[in-house]
Amino acid sequence: QVQLVESGGGLVQAGGSLRLSCAASGRTFSSYAMGWFRQAQGKEREFVATISRGGGATDYEDSVKGRFTVSRHNAENTVYLQMNMLKPEDTASYYCAARESGIGRDPKNYNYWGQGTQVTVSS
């Protein structure tokens, strides 16, 4: 198993930036593709970004392309989500997740989840 702990959320004004971190412990971090998802109040959890085990492949939800960047540092067992030009509609709880295969957008295919970190963007 792998345990995931997110950090870095907070309150930011529109146009600002935040960097989320997700620290992993347990089995070999580099064995997992990682994903970031978010869930706004009253809405379903949605895909944000994903990165392959080695970091060479990424995928983004259309509304965050060009604003968010996913990266990982396998030696430090950490995946990051750099969020720039934040908008009020980015307000949500953000979750990282791990899957024992390649990158993907479907949360049902992720095996392990963190507890989430809240991001609030004020207008």
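Bear in mind the structure is a predicted one, so any value in this text is a computation, not a measurement.

Asks: Sorry if this is basic, but what is going on with the packing of aromatic side chains here?
Replies: The relative placement of two aromatic rings is captured by the distance of their centres and the angle of their planes. For the structure on display, the rule yields 5 aromatic pairs. Measuring from centroid to centroid gives 6.0 Å for Phe 37 and Phe 47, while their planes differ by 70 degrees, and the two rings are edge-to-face. You can see Phe 37 sitting in strand S4 (residues 33-39) and its partner Phe 47 sitting in strand S5 (residues 46-51), a full 10 residues away along the chain. Seen in terms of ring centroids, Phe 37 and Trp 113 are 5.0 Å apart; in terms of plane orientation they differ by 50 degrees. Their pairing is tilted. Taken together, the positions of Phe 37 in strand S4 and Trp 113 in strand S10 (residues 112-113) put the pair 76 residues apart, joining distant regions of the chain. Owing to a relative accessible area of 27%, Trp 113 belongs among the partly exposed residues under this scheme.

Asks: Please clarify how the pattern of salt bridges should be interpreted in this entry.
Replies: When the charged atoms of two side chains with opposite charge come close together, those side chains can pair. Using the criterion set out here, one finds 5 salt bridges in the structure. Arg 38 is the salt-bridge partner of Glu 46, the closest N and O atoms lying 2.6 Å from each other. Arg 38 sits in the buried class, given a relative accessible area of 6%. The partner of Lys 65 in a salt bridge is Asp 62, with the nearest N and O atoms 3.2 Å apart.

Conventions and cut-offs
- Residues numbered from 1 in each chain as written.
- Predicted model: local features only at pLDDT ≥ 70, side-chain atom pairs only at ≥ 80, totals over all residues.
- Heavy atoms only, no water.
- Phe/Tyr/Trp six-rings, centres within 6.5 Å; stacked < 30°, edge-to-face > 60°.
- Helix = DSSP H or I, 4+ residues; strand = E, 2+ residues; numbered from the N terminus.
- Buried < 20%, exposed > 50% of the residue type's maximum accessible area, 1.4 Å probe, protein only.
- Salt bridge = Lys/Arg side-chain N within 4 Å of Asp/Glu carboxyl O.

Treat this as a map of the structure, not an account of what it does.
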